[in-house]
Amino acid sequence: MGHTLTGILDAAAEGRFPPPDGGTTVVPQENRRDAGVIAFTAHSVVFTDEDPDWVRSTLAALDCDALAATMNARFLAALLDRTGRSTDTIDLLTVAGPLPGEPPLELREMADPDHPRVRRALKRRDEVRVWSADGGVLVLGRGVGGRWETAIEVDEGARHRGLGRELARAARHLVPDGQPVWSQQATGNARSIRAFQAAGYRPVGAESLLLAPAG
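Everything in this summary refers to the structure shown in the same document. Everything numeric in this text was worked out from a predicted model, so none of it was measured.

**A word on the overall build of the protein chain**
Item 1. Per the secondary structure count, the protein chain includes six helices and 10 strands.
Item 2. Relative to the globule expectation of 17 Å for 215 residues, the C-alpha radius of gyration of the protein chain, 17 Å, shows essentially globular dimensions.
Item 3. Taking the principal axes of its C-alpha atoms as reference, the protein chain extends roughly 50 × 35 × 30 Å.
Item 4. Counting only residues that meet the buried cut, the protein chain has 49% of its 215 residues in that class.
Item 5. Restricting to contacts in the protein chain with at least 6 residues of sequence separation, those with at least 24 account for 62%.
Item 6. On the protein chain, roughly 10,600 Å² of surface is accessible, and the fraction owed to carbon and sulfur atoms is 49%.

In structure tokens form, the structure reads like this:
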């Protein structure tokens, strides 16, 4: 396991995880935008520029299972209050390796996208590229720790035809430089989770991303 967020993520993408010792590793943010918590099996990583002693003392004061402390609502609320950030949800964090060649799905790259999914990606990722398919959109960009992340959107009228799976799989063909591609799915979004797992993405943990204030 590395000693930076990027190192930890690179190792996890290769199947090497923090020790399942019930511990919490605190590492600095790698940029101002990205802070949060990743819970692996029996070990969590908090990436924040806040005082590590504050993080540990706040976790120790919680009345909950120690293994669940970093994703406990009271800890996340305390971290949000201290940092002045916001959050949306706790996501399932998944990753897949690259695939060779062009994606079998017909895609059209969008030069000036205005899709809601795209506008959301531009707030959270760098080097964003967007493709459209009949009934869907695929977004690829650099997110937490510089990792390549993908997100997809399927139109309501195109659902239940396997398009979500095909879009998620296409991202594995499009990711640059033979890098792994990551994705987050809200834990209640069973349809999205099934699509990504059918496309070969494997679960590695849970993630709560803390969003910086606008501006």
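Let's pick the thread back up.
**As for unusual backbone geometry**
Item 1. Of note in this structure, Ala-42 is not a glycine but carries a positive phi near 55°.
Item 2. Relative to the helices and strands, Ala-42 is located in the loop between strand 2 (34–40) and strand 3 (43–47).
Item 3. With a relative accessible area of 24%, Ala-42 lands in the partly exposed category.
Item 4. A positive phi is found at Asp-177, a non-glycine position, where the angle reads about 60°.
Item 5. Along the chain, Asp-177 turns up in the loop between helix 5 (163–174) and strand 9 (181–186).

**Here we look at the pattern of salt bridges**
Item 1. Evaluation of the coordinates by the stated rule reveals 11 salt bridges.
Item 2. A salt bridge links Asp-126 to Arg-33; its shortest N-O distance comes to 3.3 Å. Here the residue Asp-126 occupies a position in strand 6 (residues 126–133), and Arg-33 occupies one in the loop between strand 1 (23–27) and strand 2, the gap between them amounting to 93 residues.
Item 3. Across the pair Arg-82 and Glu-50 runs a salt bridge, and its minimum N-O distance is 2.8 Å. In this pair, Arg-82 is assigned in helix 3 (residues 73–83) and Glu-50 in the loop between strand 3 and helix 2 (52–60), connecting sequence segments 32 residues apart.
Item 4. The structure contains a network of salt bridges with shared partners spanning Arg-125, Arg-147, Glu-149 and Glu-207.

**Points about the packing of aromatic side chains**
Each pair of aromatic rings is reported with the distance of its centres and the angle of its planes.
Item 1. Within the structure shown, the criterion is met by three aromatic pairs.
Item 2. Arranged with centres 5.9 Å apart and planes meeting at 55°, the rings of Phe-17 and Phe-40 form a pair that is tilted. Taken together, the residues span a long stretch of sequence, with Phe-17 in the loop between helix 1 (5–13) and strand 1 and Phe-40 in strand 2 at a distance of 23 residues.
Item 3. Since its relative accessible area comes to 37%, Phe-17 is described here as partly exposed.

**As for the nonpolar core**
Item 1. Judged by nonpolar contacts, the single largest core of 21 residues is most densely connected at Leu-107, Leu-138, Leu-140, Leu-167 and Tyr-201.
Item 2. Broken down by secondary-structure element, the contributors of at least two residues to this core are strand 6, strand 7 (136–142), strand 8 (148–154) and helix 5.
Item 3. When residues of this core are assigned to their parent elements, the largest contribution, six residues, is made by helix 5.
Item 4. Excluding residues that lie within four positions of it along the chain, Leu-140 makes contacts with Glu-127, Val-128, Arg-129, Trp-131, Trp-148, Glu-149, Thr-150, Leu-174, Val-175, Pro-176 and Val-181.

Thresholds applied
- Residues numbered from 1 in each chain as written.
- Predicted model: local features only at pLDDT ≥ 70, side-chain atom pairs only at ≥ 80, totals over all residues.
- Heavy atoms only, no water.
- Helix = DSSP H or I, 4+ residues; strand = E, 2+ residues; numbered from the N terminus.
- Rg over C-alpha atoms; globule rule 2.2 N^0.38 Å.
- Buried < 20%, exposed > 50% of the residue type's maximum accessible area, 1.4 Å probe, protein only.
- Contact = heavy atoms within 4.5 Å.
- Areas by Shrake-Rupley, 256 points an atom, 1.4 Å probe, with all protein chains shown as cover.
- Salt bridge = Lys/Arg side-chain N within 4 Å of Asp/Glu carboxyl O.
- Phe/Tyr/Trp six-rings, centres within 6.5 Å; stacked < 30°, edge-to-face > 60°.
- Core = buried A, V, L, I, M, F, W, Y, C linked by side-chain atoms within 4.5 Å.

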